[in-house]
Amino acid sequence: MFDLSSYNTFNLHVSAREGIEIKCTEDLLALDLPLSEPYIILGGGSDVLFTEDFDGLVLINRILGIDVQKVELSPSTLPLNELDQAELFYEVRVGGGVVLDDLIVGLLQHGICGLENLSLIPGTVGAAPIQNIGAYGVEIGDFISSLETINLRTGEKRIFTHDECQFGYRYSIFKEPDFRSFFITHVNLRLSNSFVPQQNYAGLQSNEFKDAFAMRDRVISLRNEKLPNPKYVGNAGSFFKNPYVSKETVEKLQDAYEGKVPCYLLEDGNYKLAAGWLIDKAQCRGLRHGQVGTWGKQALVIVNLGNAKPHEVVALARYVSAEVKSKFGIDLVPEVRLYGKHGELAWDQI
Ligand code: NAP
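Presented here is a report on the structure given in the accompanying data block. Just so you know, these numbers come straight off a predicted model, no measurement behind them. (Residues numbered from 1 in each chain as written. Predicted model: local features only at pLDDT ≥ 70, side-chain atom pairs only at ≥ 80, totals over all residues. Heavy atoms only, no water.)

### Structural notes on the sheet that holds strand 15 (residues 263-265)
The pairing of strands in a sheet happens through backbone hydrogen bonds and is either parallel or antiparallel. Let me state the cut-off plainly: Two strands pair under a simple rule: DSSP has to find at least two bridges between them. Going along the chain from the N terminus, every DSSP run of H or I of four or more residues is numbered as a helix, and every run of E of two or more is numbered as a strand. Only heavy atoms enter the contact rule, under which two residues are in contact if any of them lie within 4.5 Å. Between N-to-C directions, angles cover 0 to 180 degrees, with each direction set by a line fitted to C-alpha atoms, over the stretch in contact for helices.
One open sheet accounts for 3 strands, arranged 14-16-15; its pairing is antiparallel. The outermost strands of the open sheet, each flanked by one partner alone, are strand 14 (244-245) and strand 15. Inspection of the sheet shows strand 15 paired to strand 16 (residues 271-273) by 3 bridges, in the antiparallel sense. The partner of Leu 265 across the bridge, within strand 16, is Tyr 271. Against the sheet, helix 6 (residues 247-256) contacts strand 14, strand 15 and strand 16, and its axis sits at roughly 50° relative to strand 16.

Here is the structure:
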């Protein structure tokens, strides 16, 4: 058995039948491909919940290396984000096992900006595109020019362009069952030396940031104020996604809550609600059920208060979503990926 305790930031004591750390592309090609099911790929294990022991193989991405190339871009190859104001552009090729925050620091030390709002998000660079992780108005997908992968079904290398990744809110094509066999070996980012502060979010608005380091410092202090550090308190970040709802739903809620419901207009006319606010108003902030709870400063985070068992985390998540459903009629769906005995599970399968 392979102990997964140190491979999931919930710090749950679960195991897999077998686990292998992948340190280079050749390690993958040396496997007996196609791999027999079930198998799963892990990065930092910061966005997963094992609901029980996993009866399969876990491949852990530990491919390292950061390669920075300055590039000349013609206007037609430009903007993945707001790069058109920049003077120098870089293609950065990163091993999927590099810790995301280490990458952010390393880039800033070389004067390369763009990812600073993602500071302190736990996890690896290879896992980041799968969920299209985001924070404070920035998503990793905005900077990804391509992904290098190996298909574990065939052993073939395949490059996915930015468009082929189909990035959306906490979504990419790699969440679809047919694409779960693609192991992301390297991530190619297009970045620049131009600091364009993204400060739409509360806590960032009133400040003037002299450089990207200052933005990083502010984001770190905001996160430290509100979020539990997984080194000390097991958790997987936001447990649920923020629900997207219609204008009519928002209007009804605003009537009921005197216009105080935090909501954000989306491009398609729908609204994003803050799941943390819904959970709070459903009286589920700072709950404690046995060894699990919801975090007092951010109810969206479910925490392991000591020696929690997977079924306790599942039960609390179910309880919270049922309370929100009963109070608001809104379904919460997990942002964390769920794994059972035979592989990935949908929310309605656990
Ligand atoms: P918050 O400020 O309490 O806001 C609650 C939610 O409202 C956020 O989740 C955010 O959605 C949304 N929001 C706030 N201001 C917004 C704006 N100006 N425009 C659009 N949406 C806005 O959130 P928080 O808990 O302190 O988190 C701050 C940021 O860190 C958020 O972006 C959050 O996603 C990110 N974060 C991510 C994780 C993770 O596990 N992925 C964990 C903790 C925090 P979005 O979530 O869509 O941004």
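### Concerning the packing of helix 2 (residues 100-109) against helix 5 (residues 212-226)
Quick reminder of the rule: These descriptions rest on fixed angle ranges, namely under 35 degrees for roughly parallel, over 145 for roughly antiparallel, 65 to 115 for roughly perpendicular, and the rest for oblique. Handedness of each helix crossing follows the sense of rotation of the near helix against the far helix: counterclockwise by less than a right angle gives left-handed, clockwise gives right-handed. Put simply, Ala, Val, Leu, Ile, Met, Phe, Trp, Tyr, Cys and Pro go in the nonpolar bin, Asp, Glu, Lys and Arg in the charged bin, and everything else, Gly too, in the polar bin.
Close contact between helix 2 and helix 5 brings their axes to 10 Å; oriented N to C, the two are set at 155°. Accordingly, the angle class assigned to the pair helix 2 and helix 5 is roughly antiparallel. The way helix 2 lies across helix 5 gives a crossing that is left-handed. Contacts from Asp 101, Ile 104, Val 105, Leu 108 and Gln 109 of helix 2 reach helix 5 at Ala 212, Phe 213 and Arg 216. Residues of the contact of helix 2 with helix 5, tallied by class, amount to 5 nonpolar, 1 polar and 2 charged.

### Let's talk about the site of the ligand
Test applied: Note on terminology: near, applied to a residue and a molecule or strand, indicates that one of the residue's heavy atoms is within 4 Å of it. Nitrogen and oxygen atoms within 3.5 Å of one another constitute a polar contact, given that in protein one can donate a hydrogen and the other can accept it, and given that sequence-neighbouring residues count only through two side-chain atoms. Computed with a 1.4 Å probe, the accessible areas rest on the Shrake-Rupley method; for each residue, only the protein chains presented here act as cover.
Surveying the vicinity of the ligand reveals 18 residues, the closest of which are Tyr 136, Tyr 201, Lys 226, Lys 272 and Gln 298. Take Ser 238: an N or O atom from its main chain is 3.1 Å from an oxygen atom of the ligand. In the model, a nitrogen atom of the ligand is placed 3.3 Å from a nitrogen or oxygen of the Tyr 264 side chain. Relative to its unbound accessible area of 790 Å², the ligand is 82% covered by the protein chains. Contributing elements (two or more residues each) for the shell around the ligand: strand 8 (134-135), helix 5 and strand 13 (234-238). Of the residues contributing to the shell around the ligand, the split by class is 7 nonpolar, 6 polar and 5 charged.

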